[in-house]
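Breakdown of the fold
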Amino acid sequence: MQMMVFGRADAQLKKLKKVLIFLCIVLTSFSGYGQDHTKFLIRGRLLDSLSEKAIPYASIQLFSAETNQPVMGIVSGAGGLFSLEATGGSYYLLIEFMGYRTYRSRLIKTGPDSAWTDLGIIKMTSSVKSMDEVVVQAEKSSMELTLDKRVFNVGKDLANAGGTASDILMNIPSVSVDGEGNVSLRGSSSVRILIDGKPSGLVSLNGGAGLQQLQASMIERVELITNPSARYEAEGMSGIINIILKKSRKRGFNGSFDVITGYPLNLGLAANLNYRHNKINFFINYGIAYRIQPFNGKLYQEVYDGDTTHILKQANDGKLKGFNNTIRGGIDFFFSEKSILTGSYLFRRSDANRILDIRYEDYISTDPKMKSYTLRNQNETEDEPNSEIAVTWKRNFKKKGHDFTLDLRYLDYWEKSNQVFTQQTYNPDGSKIPETDILQNSLNDEFEKQYLVQADYIYPISEKGKLEAGLRASFRDMVNDYVVNQQDDNGNWYPLPGLDNYFIYNEDIQAIYGIYGNKHNKISYQLGLRAEWTNVKTTLLYTNEVNPRKYANLFPSGHISFDLGNENALQVSYSRRVRRPVYNELSPFFTFSDSRNFMSGNPNLNPEYTNSYEVGHIKNFENASISSSLYFRDTKDKIMYIRTVNDSGYSVTKPFNLNGEESFGAEFVGSYNPKKWWKMDFNFNFFRGITDGSNLNEGYKSDTWSWFTRLTSRFNVNKNSEAQFRANFEAPQKTPQGSRKAMFYMDLAGSLDIMKNKATLTLNILDLFNSRRSRSITQGENFYTSSNSQGRRRQINLTLNYRLNQAKSVRKQEE
């Protein structure tokens, strides 16, 4: 069966070959363009500034003055002498040696007019004066604000230590993560999550929930782009979250190690290593974690049947045990300082065991006594290996800003789930009701393969102007082979009706784009247009239900920025976006763990389209910065989950296309340093959402005003320790079928530098008051449902981070 489904791989490879042939022609034309291989000599000698003794074995790195990227590196000889050979261009040297201050040379220009450069004697100054004067490295801000995106540097947030990628996103302004790991940006779940700027198997089948298997220690930073240009995929109505993994190109051998322990049980090890020598840079990231995650929930439901109301009181109590391994390794090969080829491989395996106990209590409104209660148990084992292969070539030409990038990727993912369900029903006195025992099993296998090729070209047409163009082709196949069986009285197994099928999802997307940007005086502008051709087909094999869809779309974008002076800037932007249904929203089977509340996908879903408008302003002060924005989104064919309940009290929740949604709001993000030892970050978002689902039911409408806010405060207790707390509040919100209630939670953390600043101990408590619970009310014509769930309990983590040949960012201790 699997061979039949992936038989289309031959057709896909033929398409891919055509694209690659075109790119090879482009690469051939680029490969020799503008290269100058003539070598020029740079030499000098290192001496101690006081004793004038030679300094051997110092690290000497040559950087391009145009790109600030390292070109090559050596160490000084026994007499402190050094010499390097470089092609024509502009450079500078960075010289480092333990116990001495870092030395940066003057600008060095090489070429036919200066065949060799003699820097003469360079006197290195000792860095050892007093401990109060030692500054390891200037502090990198935890949040960097620009008009088109926001960058959040993960390492400066103490709450991230020992956590996962989901924990990181939970701590970022504008982003919300629910108990199941689903990610929202500015209140919208339609957000595109990328890793290193590209799609990843980590978030393919499971969406944002897949990030719970990625350790936070492997992440360098997170970028938020709320109104992307035509350069990016059109996918994601509310914008893009780009997770950048750690990778260094620093000379020599360097890295960091993490040891993690926590309660509930959280054990982990992580290593991020790098070795750079001459033209080759090796990097590897590895993380291993074992976690036990308790979860619980309650549900109260009334079902109206004439004069009788059937009442269900349900309690869920579960535990998820997860063992995760992630390794990512690669190599950068520097053909020259302007031409770099990178190959990388990522493998992740997650093995999980989920135990869930459910208690159903049944009542009727006319009798306060319980009629009966039912106990159901789920025992699931789940294996999830996935791998990614990526090859990237980047070429920088002589002219500054003239670049070409080619990226090839292959993703291979599969998941195997084996579940056993047992169920018994009892009288109120605890006696078992005869012939109510149920034994079921569920087998669910999912597979995905994806080929991706992308090329981007930037050409400067003037000092401030540039043209950009690119293409992208993606070929993706996914299947879900699922069945739920039940044992009869004779011990024979039979499939339950409607729960035995083979779902196939085929998706091919090709895209091209062009962007023109320029600047005149204090006005910068960028206009872009992206065209995408989509071919999607869903198939339910056993019931022969086929739904092919082909469509072509244009996605324009525009950004205009105004420099208002006095550290003020204003930007007006527009983009058209699409949200295609993701795999779980299309697959008709999720899980049968809860026999009375079933979640399902909808193979007949259509994509939703959004016109997004935004006005942003940024103001920088001496000790603060603030970014404010007004936004409006007009969405057609809004995708939203709808709950229905039959007369027996059994519910089905699955997604449908609603007429649309209009949302507008104001957002403020900023940072403030009241004192040199005190830093605050804040986020406030106020919005209104008007949703129209009258195409399904005249009552499926909502008009809600809501807001959420987050405040982070970080203190330098002394030069070796920090403390941090964060408060989060999400206000109530109306939905087409009811409402979501308010949520408040706090995090607390502290860190201590040890081992002469080579290591850091971090203790954090996530959800200090154990108050992070999702509460909602859902109503229909014949039912009322209230739910209260907690996907993750309060978590306490202790993390030891050790740095090998890496400096820790610290503040100057002048205050």
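Residues numbered from 1 in each chain as written. Predicted model: local features only at pLDDT ≥ 70, side-chain atom pairs only at ≥ 80, totals over all residues. Heavy atoms only, no water.

**A look at the sheet that holds strand β4 (residues 81-86)**
Put simply, the rule is: Note on pairing: two strands pair once DSSP finds at least 2 bridges between them. Numbering goes from the N terminus for both helices and strands, where a helix is a DSSP run of H or I of at least four residues and a strand is a run of E of at least two. Axes here mean lines fitted to C-alpha atoms, for a helix over just the part in contact, with angles spanning 0 to 180 degrees between N-to-C directions.
Sheet architecture is open: three strands sit in the order β4-β1-β8, paired in mixed fashion. Each edge of the open sheet carries a strand with a single partner, namely β4 and β8 (116-124). Shown here is a sheet whose adjacent strand axes are inclined to one another by a mean of 20 degrees, direction ignored. Relative to β8, strand β1 (residues 40-48) is paired through seven bridges, and the arrangement is parallel. Looking across to β8, one finds that Leu 47 is bridged to Lys 123.

**Here we look at the nonpolar core**
Most often, soluble globular proteins have nonpolar side chains that are buried together. Here is the rule we go by: Joining through side-chain atoms within 4.5 Å is the link that ties buried Ala, Val, Leu, Ile, Met, Phe, Trp, Tyr and Cys residues into a set, and such a set is a nonpolar core. Exposure classes here rest on a 1.4 Å probe applied to the protein chains alone. A residue is buried below 20% of its type maximum, exposed above 50%, and partly exposed in between.
Among the nonpolar cores identified, the biggest contains 24 residues, and Val 175, Val 222 and Ile 241 are the most heavily contacted of them. At the level of secondary structure, the elements contributing two or more residues to this core comprise α3 (165-170), β11 (175-177), β12 (183-185), β13 (192-195), β14 (219-225), β15 (240-245) and β40 (743-754).

**Side note on the packing of aromatic side chains**
This is how it is decided: Any two rings among Phe, Tyr and Trp, with Trp reduced to its six-membered ring, count as a pair given centres within 6.5 Å; such a pair is stacked if its planes are under 30 degrees apart, edge-to-face if over 60, and tilted if neither. Here, a charge over a ring means that NZ of Lys or CZ of Arg falls within 6 Å of the ring centre while also lying within 35 degrees of the ring normal.
Evaluation of the coordinates by the stated rule reveals 20 aromatic pairs. Each ring, one from Phe 684 and one from Trp 707, has its centre 5.8 Å from the other, and the planes form 40 degrees; the classification is tilted. Residue Phe 684 is found in strand β35 (residues 678-692), and its partner Trp 707 is found in strand β36 (residues 701-718); the two are separated by 23 residues along the sequence. Residue Trp 707 is classed as partly exposed on the basis of its relative accessible area, which comes to 32%. By way of ring pairs, the aromatic residues Phe 421, Tyr 482, Phe 589, Phe 592 and Phe 598 are connected into one cluster. In this arrangement the basic side chain of Lys 313 is found over the ring face of Tyr 363, its NZ or CZ atom lying 4.8 Å from the centre.

**A word on the side chain of Thr 778**
As a reminder, the rule being used: Between two residues, a contact is recorded if the distance between any of their heavy atoms is within 4.5 Å.
Residue position: Thr 778 is located in strand β42 (residues 774-780). On the basis of relative accessibility, which here comes to 18%, the residue Thr 778 falls in the buried class. Those residues in contact with Thr 778, other than ones at most four positions away along the chain, are Arg 643, Gln 737, Phe 783, Tyr 784 and Thr 785.

**Concerning the pairing of β4**
Here β4 shows a clear split, with Phe 82, Leu 84 and Ala 86 buried on one side and none of Leu 81, Ser 83 and Glu 85 buried on the other. Note that β1 and β4 share six bridges and pair antiparallel. Opposite Ile 42, over in β4, you have Leu 84 as the bridge partner.

**Considerations on the side chain of Asn 685**
The line we're drawing: We call two N or O atoms a polar contact when they sit within 3.5 Å, provided that within protein one can donate a hydrogen and the other can accept it, with sequence-adjacent residues counted only if both atoms are side-chain atoms.
On the secondary structure map, Asn 685 appears in strand β35. Classification of Asn 685 as buried rests on a relative accessible area of 0%. Reaching out from Asn 685, the side chain makes a polar contact with the side chain of Tyr 631 at a distance of 2.8 Å. With near-sequence residues (within four places) excluded, Asn 685 lies in contact with Arg 186, Tyr 631, Ala 666, Glu 667, Ser 706, Trp 707 and Phe 708.

**Digging into the confidence of the model for the chain**
Rules: Per residue, pLDDT measures the predictor's confidence, with a range of 0 to 100.
Mean pLDDT over the chain works out to 84, with 85% of the residues at or above the 70 mark. In the model, residues 2-6 has pLDDT below 50 throughout and makes nine contacts with residues more than four positions away in sequence or in other chains. Note on residues 809-815: pLDDT under 50 across the span, and 24 contacts to partners over four residues away in sequence or across chains.

**With respect to the sheet that holds strand β29 (residues 597-599)**
Spatial strand order, β29-β33-β32: three strands in an open sheet with mixed pairing. If you trace the sheet from one side to the other, it starts and ends with β29 and β32 (639-645), each paired once. Taking each pair of neighbouring strands and ignoring which way they run, the sheet shows an average axis angle of 30 degrees. As paired strands, β32 and strand β33 (residues 651-657) are joined by seven bridges and run antiparallel to one another. Counted as the bridge partner of Met 640 is Phe 656 from β33.

**Some remarks on unusual backbone geometry**
The omega angle of the peptide bond from Tyr 263 to Pro 264 is -5 degrees, so this bond is cis rather than trans. With respect to the helices, strands and loops of the structure, Pro 264 is situated in the loop between β16 (252-263) and β17 (266-277). For Asp 767, which is not glycine, the phi dihedral falls at a positive 60 degrees. Within the element layout of this structure, Asp 767 appears in the loop between β41 (759-766) and β42. Note on Asp 767: relative accessible area 1%, which makes it buried.

**Remarks on a positive patch on the surface**
The test is simple: The residues that make up patches have over 30% relative accessible area and no salt bridge, and they are joined within 9 Å when like-charged or within 5 Å when they are Val, Leu, Ile, Met, Phe, Trp or Tyr. Here the accessible surface of atoms and residues is derived via Shrake-Rupley with a 1.4 Å probe, and residues count as covered only by protein chains that are part of the display. The term salt bridge refers to a side-chain nitrogen of Lys or Arg lying within 4 Å of a carboxyl oxygen of Asp or Glu. We treat Lys and Arg as the positive residues and Asp and Glu as the negative residues; His and chain ends play no part in the count. To locate a charge, take atom NZ for lysine, CZ for arginine, CG for aspartate or CD for glutamate.
Taken together, the side chains of Lys 319, Lys 321, Arg 793 and Arg 794 define a basic patch exposed on the protein surface. Positionally, Lys 321 belongs in strand β19 (residues 308-336). Overall, the relative accessible area of 34% leaves Lys 321 in the partly exposed class.

**Brief notes about the pattern of salt bridges**
As enumerated under the stated definition, the model contains 27 salt bridges in all. Here Arg 472 makes a salt bridge to Glu 233, at a shortest N to O gap of 3.4 Å. Of this pair, Arg 472 sits in strand β24 (residues 466-487) while Glu 233 sits in the loop between β14 and β15; the two residues are 239 residues apart in sequence, bridging distant segments of the chain. The exposure classification of Arg 472 matches that of Glu 233, with both residues buried. For the salt bridge of Asp 407 with Arg 409, the shortest nitrogen-to-oxygen distance reads 2.8 Å.

**Notes on the pairing of strand β27 (residues 545-565)**
In summary, the side chains of a regular strand alternate between the two faces of the sheet. Looking at chain direction, strand β26 (residues 523-540) and β27 are connected through 18 bridges and run antiparallel. Bridged to Gln 526 within β27 is His 559. Following β26, the chain reverses through four residues before pairing antiparallel with β27; Asn 544 in that reversal takes a positive phi of roughly 55 degrees. Relative to strand β28 (residues 568-579), β27 runs antiparallel, the two sharing eight bridges. For Ile 560, the partnering residue across the bridge sits in β28 and is Val 572. Connecting β27 to the antiparallel partner β28 that follows it, the hairpin turn spans two residues, and Asn 566 within it adopts a positive phi of roughly 55 degrees.

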